[in-house]
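Spelled out from the first residue to the last, the chains are:
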Amino acid sequence: MITMRASQLYAPTLREVPAEAELVSHQYMLRAGLMRKSASGVYSYLPLGVRVLHKIMAIIREELDQAGAQEIMLPIVQPAELWQESGRWNEYGPEMFRLLDRHQRQFCLGPTHEEIITALVRTDVRSYKQLPLRLYQIQNKYRDEIRPRFGVIRSREFIMKDLYSFDRDESGAQASYQAMYDAYTRIFARCGLKAHPVEADTGAIGGDQSHEFMVLGDAGEDLIVFCPHCGYAANVERAECVPYDPDEESAALAKLEKIATPGITTVEELTKRLQIEPGQVIKTMIYIADGKPVAVLISGNHDVNEIKLKRALNCDQLELADAQTIATVTNAPVGFAGPVGLTIPIFADYSVTTVVNGVSGANKKDYHLRNVNINRDYTPTQILDLREARAGERCVRCGQILEEARGTEVGQVFYLGTKYSQPMKAVFLDQEGQERPFVMGCYGIGVSRTMAAIIEQHHDEDGIRWPVSVAPYSVIVVPISYKDEEQRSVAEHIYKTLTSAGIDAILDDRDERPGVKFKDADLIGYPLRITVGPKHLVDGNVELRLRSSKEQFVVPIAEIDNQVSTFLNRIGE
RNA sequence: CGGGGCGUAGCGCAGUUUGGCUAGCGCGCCUGCCUUGGGAGCAGGAGGUCGGAGGUUCAAAUCCUCUCGCCCCGACCA
């Protein structure tokens with residue numbers, strides 16, 4: 001039987017908050033002795049942290065195995081050739097950790113594993129009869145983040161579960177996608193997390209369809225919009241915006257006039273000076289798309305969503321134009337661009353279509369134009385959805401008003417299609433003997449990040465309040481004084497009874513004052529605490545305390561294992 | 001990469017402006033006594049290349065130059 005005593009446990013708790021940690025989860029992970037930092041964005045896990053990780057991973061394995069998946073292990077050190085084949089060796093940029101071996105051959109530390117697994121499967125899977133195939137791995141991944149932060153939530157080395165599905169056709173791949181979506185819902189629920197699926201952009205992974213599982217909270221790095229009416233939810237990177245309704249009571253078009261606005265280059269200054277609403281301003285941004293300048297129009301109260309823009313322009317490289325280019329294209333310094341008279345392609349967001357008698361730059365230093373009107377004074381090349389969605393917009397599905405929230409992404413599912421199988425020539429023979437590329441999907445869960453997210457959702461001022469399912473130990477037995485012979489023997493008895501009943505228990509056998517033991521137990525966050533002390537021992541009882549609610553119950557020693565099981569079941573639901 | 005801040009004992013910090021004796025405080029750690037229902041008390045003790053390198057000076061944690069690391073905000077990103 002495995003036993004654990006607090007006197008032997010390597011769990012150095014800290015009384016004070018380390019200066020480096022801002023987020024509660026980060027602070028508690030350090031204070032409770034779950035982990036220590038080794039470098040910026042790189043952490044060592046201590047025994048308690050490892051136990052939590054193992055529990056999370058066990059839940060993941062159970063659910064994925066249940067969903068017909070099989071676990072494999074893939075290399076972390078990956079050869080450059082595979083990444084060159086998929087085209088991502090260049091696409092990935094400085095975020096990829098790259099290294100050379102002694103023969104000057106190029107490798108990287110895998111930021112993800114699509115290439116390696118596609119290469120693996122293409123050599124061994126030749127027939128539709130071997131499909132569908134769902135393979136996963138739980139391993140360290142590496143991304144050289146510009147700025148690691150929030151402890152393990154944005155780190156450079158992190159533990160991730162990745163699953164890849166290979167299907168013979170689209171409907172098979174959709175079934176895999178749905179199976180994973182459902183498995184994720186169960187996994188996060190079992191971890192005690194409220195995770196909301198939202199529609200997402202596919203980013204560097206690529207593909208056609210994606211959902212992110214978001215844990216809501218102010219600490220979240222992502223912004224999502226959702227519709228309380230119909231349930232639509234999406235990352236703002238992805239969220240669609242509806243065209244504007246034509247304004248019924250639109251004012252008569254006034255005469256275009258040039259106005260002097262010396263030194264005024266921002267929407268904010270402009271609205272202040274002219275006493276107008278930001279919505280009246282036609283903001284004109286010059287971008288460089290694959291080397292060519294384009295103008296983007298959007299109303300002054302919105303921001304451009306560059307992901308949408310990139311998609312609309314169908315370009316690889318997109319960046320805001322430099323001052324020199326802007327001067328060349330608009331004949332004016334930065335801050336005075338406007339659509340009137342521009343000769344480069346103009347892409348307008350829906351939001352400018354209803355701006356009547358608007359204000360824009362005059363393409364001349366220190367001048368703006370008043371009473372600018374679409375189709376009279378300028379004609380966009382294309383009018384489409386280019387803005388970042390925000391609270392207050394109308395839902396694309398049902399037209400109700402959207403709300404917004406912040407969230408941390410703990411998992412994401414992607415429908416990849418043939419994005420990797422095609423260029424990497426990963427093919428099988430179908431029933432007709434035709435060679436076809438696998439239709440793929442990939443599905444990630446940030447395991448280490450999930451641990452932090454659980455703490456974000458389950459803590460109080462005293463420490464962590466682990467859900468039973470992922471707690472490092474379910475129960476801690478705390479004798480008030482371990483030196484006291486009676487207390488010690490009762491505590492030992494209870495501890496042995498629990499462990500032999502298969503309950504995860506730890507005994508605090510340290511020669512510490514009770515306060516110290518209580519504080520540590522609260523900080524580490526064991527769901528149940530059994531206190532063995534003189535107060536109740538005289539009546540043959542001990543005290544049982546729930547960490548999350550702080551409720552206490554006096555329980556006869558003889559019933560302890562039943563009581564513990566009952567309480568664990570109750571709070572474990 | 002831009003802006004801001006920090007690096008002095010395991011953790012939290014003072015000392016740096018205005019150079020000066022053996023570099024301090026709280027917590028933690030070790031020994032002993034005492035104590036035991038929410039981070040006790042007393043006594044004794046260990047622990048420091050003051051991030052690193054170079055320079056100025058009779059003298060550097062303190063001034064100068066370079067450098068490394070860390071944190072926060074922004075840009076970027078699963």
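Look up a bit, the structure's there.
Let me sum up the structure you'll find in this document. (Residues numbered from 1 in each chain as written. Chains lettered and ligands numbered in written order. Predicted model: local features only at pLDDT ≥ 70, side-chain atom pairs only at ≥ 80, totals over all residues. Heavy atoms only, no water.)

### Here we look at the overall build of chain A
Going by this rule: Secondary structure is summarised from DSSP: a helix means a run of H or I of at least four residues, a strand means a run of E of at least two, and numbering begins at the N terminus for each. Per-residue accessibility, obtained with a 1.4 Å probe over protein chains only, is compared with the maximum for each type, and a residue is labelled buried under 20%, exposed over 50%, and partly exposed between these values. The method behind every accessible area is Shrake-Rupley, applied with a 1.4 Å probe, and residues are considered shielded solely by the protein chains displayed. The sign given to each residue is positive for Lys and Arg and negative for Asp and Glu; His and the chain ends receive no count. By convention, charge coordinates are those of NZ in Lys, CZ in Arg, CG in Asp, or CD in Glu.
Of the regular secondary structure elements, chain A holds 14 helices and 31 strands. If you line up chain A on its principal axes, its C-alpha atoms span 95 × 65 × 50 Å. The buried share of chain A, reckoned over its 573 residues, is 52%. Surface accessibility of chain A: about 26,100 Å² in total, with carbon and sulfur atoms responsible for 48%. Separation of charge centres in chain A, based on 64 positive and 79 negative side chains, amounts to 3 Å.

### Describing the pairing of strand β10 (residues 209-216)
Remember that side chains alternate between the two faces of the sheet whenever the strand is regular. Test applied: Criterion used throughout: strands pair if DSSP finds at least two bridges between them.
Most of β10 is tucked away: six of the eight residues are buried. Both strand β9 (residues 195-199) and β10 contribute to a ladder of five bridges, which runs antiparallel. Across the sheet, the residue bridging to A195 is V215, located in β10. Where β10 and strand β21 (residues 403-417) come together, eight bridges link them in antiparallel fashion. Residue pairing for β21: H211 is matched across the bridge by V413.

### Some details on the pattern of salt bridges
How we decide: Here, a salt bridge means any Lys or Arg side-chain nitrogen found within 4 Å of an Asp or Glu carboxyl oxygen.
By the definition in use, this model includes 38 salt bridges. Across the salt bridge formed by E145 and R154, the nearest N and O atoms sit 3.0 Å from each other. Since its relative accessible area comes to 22%, R154 is described here as partly exposed.

### Section: the nonpolar core
Under the convention used in this document: In this text, buried Ala, Val, Leu, Ile, Met, Phe, Trp, Tyr and Cys residues form a nonpolar core when linked through side-chain atoms within 4.5 Å. Contact criterion: two residues are considered in contact whenever any of their non-hydrogen atoms come within 4.5 Å of each other.
Counting residues in each nonpolar core, the largest one holds 64 residues, and the members touching the most others are I56, L64, W466 and Y526. Not counting residues within four places of it along the chain, the set of residues in contact with I56 comprises C191, V447, T450, M451, I454 and V470. One finds W83, I117, I205 and L416 within the second-largest nonpolar core, a separate group that totals 30 residues.

### A closer look at the packing of helix α2 (residues 47-66) against helix α6 (residues 170-190)
Heads up, the rule is: Axis definition: a line fitted to C-alpha atoms, limited for helices to the stretch in contact. Angles are taken between N-to-C directions and run from 0 to 180 degrees. Under this scheme an angle from 65 to 115 degrees is roughly perpendicular, one under 35 degrees roughly parallel, and one over 145 degrees roughly antiparallel; angles in between are oblique. Crossings are sorted by hand: turned counterclockwise from the far helix by less than a right angle, the near helix makes the crossing left-handed, and turned clockwise it makes it right-handed. Three classes are used: nonpolar for Ala, Val, Leu, Ile, Met, Phe, Trp, Tyr, Cys and Pro, charged for Asp, Glu, Lys and Arg, and polar for all others, with Gly counted as polar.
Two numbers describe how α2 lies on α6: the axes approach to 9 Å, and their chain directions differ by 150°. In this view, α2 runs roughly antiparallel relative to α6, as classed from their interaxial angle. Both α2 and α6 take part in a crossing whose hand is right-handed. Contacts between α2 and α6 involve I59, I60, E62, E63 and L64 from the former and M180, A183, R186, I187 and R190 from the latter. Residues belonging to the contact of α2 with α6 are distributed by class as follows: six nonpolar, no polar and four charged.

### Here's the deal with the sheet that holds strand β6 (residues 106-109)
Strand-to-strand pairing in sheets goes through backbone hydrogen bonds, with the strands running parallel or antiparallel. Strand order in the open sheet made by the three strands is β4-β6-β5, with antiparallel pairing throughout. The open sheet has two free edges, formed respectively by β4 (77-79) and β5 (98-100), since each of these has just one partner strand. Sheet twist, expressed as the average angle between the axes of neighbouring strands with direction ignored, equals 40°. The pairing of β5 with β6 spans three bridges and is classified as antiparallel. If you follow L100 over to β6, its bridge partner there is Q106.

### A word on the protein's contact with RNA strand B
Quick reminder of the rule: In these notes, residues near a molecule or strand are those with any non-hydrogen atom within 4 Å of it. Polar contacts here mean pairs of N or O atoms no more than 3.5 Å apart (in protein, one a potential hydrogen donor and the other a potential acceptor; neighbouring residues in sequence count only if both atoms are side-chain atoms).
With respect to spatial proximity, 44 residues lie near RNA strand B, and among them R147, E409, Q412, D522 and E543 are the closest. Side-chain polar atom of K37 to a sugar or linking oxygen of RNA strand B: 2.9 Å apart, as the coordinates give it. Within the side chain of E145, a nitrogen or oxygen atom sits 3.2 Å from a base nitrogen of RNA strand B. Secondary-structure elements contributing two or more residues to the surface near RNA strand B are β1 (35-39), β21, α12 (514-524), β29 (528-532), α13 (534-537) and β30 (541-546). Looking at the surface near RNA strand B, the element that brings in the most residues is α12, giving seven residues. A class-by-class count of the residues in the surface near RNA strand B yields 13 nonpolar, six polar and 25 charged.

### Let's talk about the sheet that holds strand β19 (residues 367-372)
Strand order in the open sheet formed by three strands is β13-β19-β18, with antiparallel pairing between adjacent strands. Two strands lie at the open edges of the sheet, namely β13 (257-260) and β18 (358-361), each paired on one side alone. If you compare each strand with its neighbour and ignore which way they point, the axes differ by 30° on average. Summarising the sheet, β13 and β19 pair through four bridges and their orientation is antiparallel.

### Some details on the packing of aromatic side chains
As a reminder of what qualifies: Pairs were defined over the aromatic rings of Phe, Tyr and Trp, the Trp ring being its six-membered one, requiring ring centres within 6.5 Å. Orientation was assigned from the angle between planes: stacked under 30 degrees, edge-to-face over 60, tilted for the rest. Geometrically, a charge over a ring is one whose NZ (Lys) or CZ (Arg) sits within 6 Å of the ring centre while staying within 35 degrees of the ring normal.
Following the criterion strictly, the structure yields eleven aromatic pairs and no others. Their ring planes at 55° and their centres at 6.4 Å tell us that Y177 and Y443 sit as a pair that is tilted. Within this pair, whereas Y177 is found in helix α6, its partner Y443 is found in strand β24 (residues 439-446), the two being separated by 266 residues in sequence. For Y177, a relative accessible area of 3% corresponds to the buried category. Accessibility expressed as a relative area gives 0% for Y443, which makes it buried. Among the aromatic residues, those joined into a ring-pair cluster are Y181, Y184, F188 and F213. The ring of W89 has R98 lying over it, and the distance from NZ or CZ to the ring centre is 4.6 Å.

### Some points on the state of the cysteines
Here is the rule: Cysteine sulfur atoms are paired as a disulfide whenever they fall within 2.5 Å.
With the rule as written, the count across this model stands at zero disulfides. C108 forms no disulfide, and the closest cysteine sulfur to it belongs to C442, at a distance of 16 Å. Not engaged in a disulfide, the cysteine C241 finds its nearest cysteine sulfur in C395; these two sulfurs lie 11 Å apart.

### Some remarks on the pairing of strand β14 (residues 282-289)
β14 sits mainly inside the fold: seven of its eight residues count as buried. In terms of strand pairing, β14 meets strand β16 (residues 318-320) through three bridges, oriented antiparallel. Bridging across to β16, A289 finds its partner in L318.

### With respect to unusual backbone geometry
Omega for the bond connecting L131 with P132 falls within 30 degrees of zero, at -5°, which places this linkage in the cis form. Here P132 lies in the loop between α5 (114-124) and β7 (133-142). Although it is not a glycine, N363 sits at a positive phi angle of roughly 55°. Summarising the element assignment, N363 is placed in the loop between β18 and β19. A residue is classified by how much of its surface remains accessible, and N363, at 12% relative accessible area, is buried. Phi at K550 takes a positive value of approximately 65°, unusual for a residue other than glycine.

### Thoughts on α5
With respect to burial, α5 is a largely interior element, eight of its eleven residues being buried. Those residues of α5 lying buried are E114, E115, I116, I117, T118, A119, V121 and R122.

Everything listed here is a matter of geometry and, on its own, says nothing about what the molecule does.
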